[in-house]
Amino acid sequence: MRYRGSLLSLTKSWSQMKNILERSRRTQYELSWDIAVRQLSISLSRKSTFPVISDSDSNANLENLSFSKHLFDRYQQCVAIAHAGGGEKAINRHVVKQKKLLVRDRLALFLDDPNDFLELSVMGGLAMEYGNVPKAGMIAGIGRVQGKLCMIVANDATVKGGTVYPVTLKKQLRAQEIAEQNRLPTVYIVESGGGFLPLQADIFNPGGKTFCNEAVMSSMGIPQMAIVCGNCTAGGAYIPTMADQTAIVHRKGYIFLGGPPLVQAATGEIVTTEELGGATLHCSVSGCTDYFAENEEEALSTGRDMVATLNLEDKLPVHQDWEEPLYSSDHLRALVAKDNVINIYKVIARLVDGSRFHEFKKQFGPTMVTGFAHIKGCIQFDGQQVAQLQITVEGGEHLDILACVENGGRCTSPNFIFCWPNAVIGMTHPNEAIRDLCQVKFEGSEMTKDEREAYKQKVVEQCMTESSGFYAASRIWNDGMILPESTRQTTNTDDLLSDQDVEPAEPTAALLVSVFEWILESASKPLTQITLGKLVCH
């Protein structure tokens, strides 16, 4: 009887425990449901409730346009020089004699939409100490291929045969840095003669970093692909050889460390380019390349197929419903005053959704304006992915636009940095630098008045040149110069990087119902990652 009573008691306790567990699961399910519904409602809502910035002068000051006109004219001139590549003679040789496609035509065939392409550092390489190197000898940027965002690095063979200058190397390293930071599959459309030998001292050691980056990204699971459209010599040969997948054009694409003349000089052996490093050799003997293409069109089509094989989801932008700014971005140019002082609130009102801005610490530090806003619907997830527009003003001279924050902010290592044509960049105002440099030089000096004036003129020219946004853009100090009216589109981070498979952060809570795992996963990904930094306007 005692045993039977214990058994009945145990059965009753077990029944009670089952009821408790059932209620607990139901409660947890309901809690998960509430969390999921709340997250979903947040994600579907694109309209901000932030306060609206009121601007009574909605047409801005059109008189300012006359002051800044020469800057925007100079911008257009620089862009035209960059787009011209190596010039008419080099283009004719490339297209007519060698019967190859221009780099922009290759991109047109490779990208889903050539117009939906964020090109980086367009002005890179202009007015360098060693002359003009239009676009630093390559096109780099982000575009969609088979619905997947990719970093594209494409040599322009009309610029010194695609050889690598120091500024070319800097641009390629920056493109790889962006690709790694945002986990973008990287495609190299290669036609390069390797390092520019007269400047090899500035290229050789840092140049190895490009190959290291390729290997490291591949090991991180960031696909590295190459399409060989022309000669790839010396350092140019390593890029396709180290790629995960490579296509090569028959009788156009070649890969070798040294060409036939070097082989003959070193060994006395006479060999053709096709025998030494052609498509047949590398596809059937060396195995350095994986796909044999009869022409460039086939190679680029094969490249698109390579991207299609990647185990990445084709996630299209989900933000479709947002408010346009109340004030036209066409007026941004007119906000640049003669003394280069800008009303920052007017800038924000023309960039963010609904001209709504949630200002942070308004009364503290009046020379700095910080806060939160939405740009084309980009919203907060669990307090981690916040589209933040932070604008810093110091005496009306410093304008920092930080268009995103990942897990608390990345202002010291921005995903992207752009500048306006009126940007002036430096630790101090050029006039102050000129004054200090001259004061140090002249103090106790026996220089004549003419010598002092000549020295001052030299300092003025150097300071004004080197603090210019054009100087910074040409040396890849930033990711390019953009027009004010293009700022909102350029900072459309949601469309750019929100769909990338970035390594998710450790979730702070677990949802047991599988249908909600997507919401939690999405909440832990850095959906927006563009930063415009150190846009110093004067």
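Let me sum up the structure you'll find in this document. (Residues numbered from 1 in each chain as written. Predicted model: local features only at pLDDT ≥ 70, side-chain atom pairs only at ≥ 80, totals over all residues. Heavy atoms only, no water.)

Throughout the structure, instances matching the rule amount to 14 salt bridges. Ionic pairing is found between Lys-135 and Glu-119, a salt bridge with its closest N-O pair at 3.0 Å. In this pair, Lys-135 sits in the loop between strand E1 (117–120) and strand E2 (138–145) while Glu-119 sits in strand E1, placing the two residues 16 residues apart along the sequence. By relative accessible area, which is 9% here, Lys-135 ends up buried. In this structure, the salt-bridge partner of Glu-485 is Arg-333, at a minimum N-O distance of 2.8 Å. Of this pair, Glu-485 sits in the loop between helix H15 (469–474) and helix H16 (487–490) while Arg-333 sits in the loop between helix H11 (296–308) and helix H12 (344–349), placing them 152 residues apart in sequence. Because the salt bridges share partners, they merge into one network encompassing Lys-100, Arg-106, Glu-191 and Glu-296. (Salt bridge = Lys/Arg side-chain N within 4 Å of Asp/Glu carboxyl O. Helix = DSSP H or I, 4+ residues; strand = E, 2+ residues; numbered from the N terminus. Buried < 20%, exposed > 50% of the residue type's maximum accessible area, 1.4 Å probe, protein only.)

Reported here for the largest pocket is a volume of approximately 1,000 Å³. Around the largest pocket, the lining comprises 43 residues; the ones closest to its centre are Pro-114, Asn-115, Phe-117, Leu-118 and Glu-119. Elements that contribute at least two residues to the lining of the largest pocket include exactly helix H2 (64–83), helix H4 (103–110), E1, E2, H16 and helix H17 (493–497). Estimated volume of the second largest pocket: approximately 590 Å³. Taken together, 27 residues form the lining of the second largest pocket, with Gly-194, Gly-195, Ala-234, Gly-235 and Gly-236 sitting closest to its centre. Counting only elements with at least two residues in the lining of the second largest pocket, the list comes to strand E3 (148–155), helix H5 (166–182), strand E4 (186–192), helix H6 (204–219) and helix H7 (235–242). Considering each element in turn, the lining of the second largest pocket owes the most residues, 5 residues, to H6. (1 Å grid on protein atoms, 1.4 Å probe; cavity = no way out; pocket = protein on both sides within 12 Å on 5 of 7 lines; lining within 4 Å. Points joined across faces, edges and corners; volume = space filled by probe spheres on them.)

The next subject is the pairing of strand E5 (residues 224–233). Within E5, 9 of the 10 residues are buried, which leaves the element mostly enclosed by the surrounding structure. Here 6 bridges tie E4 to E5, and the two strands are oriented parallel to one another. Note on E5: the bridge partner recorded for Ile-189 is Ile-227. Handedness of the E4-H6-E5 crossover: right-handed. As defined by bridge partners, E5 adjoins strand E6 (residues 245–249) across 4 bridges and the pair is classed as parallel. The partner of Ile-227 across the bridge, within E6, is Ala-247. Here 3 bridges tie E5 to strand E7 (residues 254–256), and the two strands are oriented parallel to one another. (Pairing = 2+ DSSP bridges. Right-handed = clockwise from strand over helix to strand, strands pointing away.)

This brings us to helix H3 (residues 88–97). Listing the buried residues of H3 in full gives Ala-90, Ile-91 and His-94. Axial view of H3: buried residues confined to an arc of 100°, hence all on one face. Residues of H3 that are exposed and point more than 90 degrees away from the buried face comprise Glu-88, Lys-89, Val-96 and Lys-97. For H3, the elements touching its buried residues are H4 and E4. (Arc of directions from axis to C-beta. Contact = heavy atoms within 4.5 Å.)

The quantities given are spatial measurements derived from coordinates; they are silent on function.
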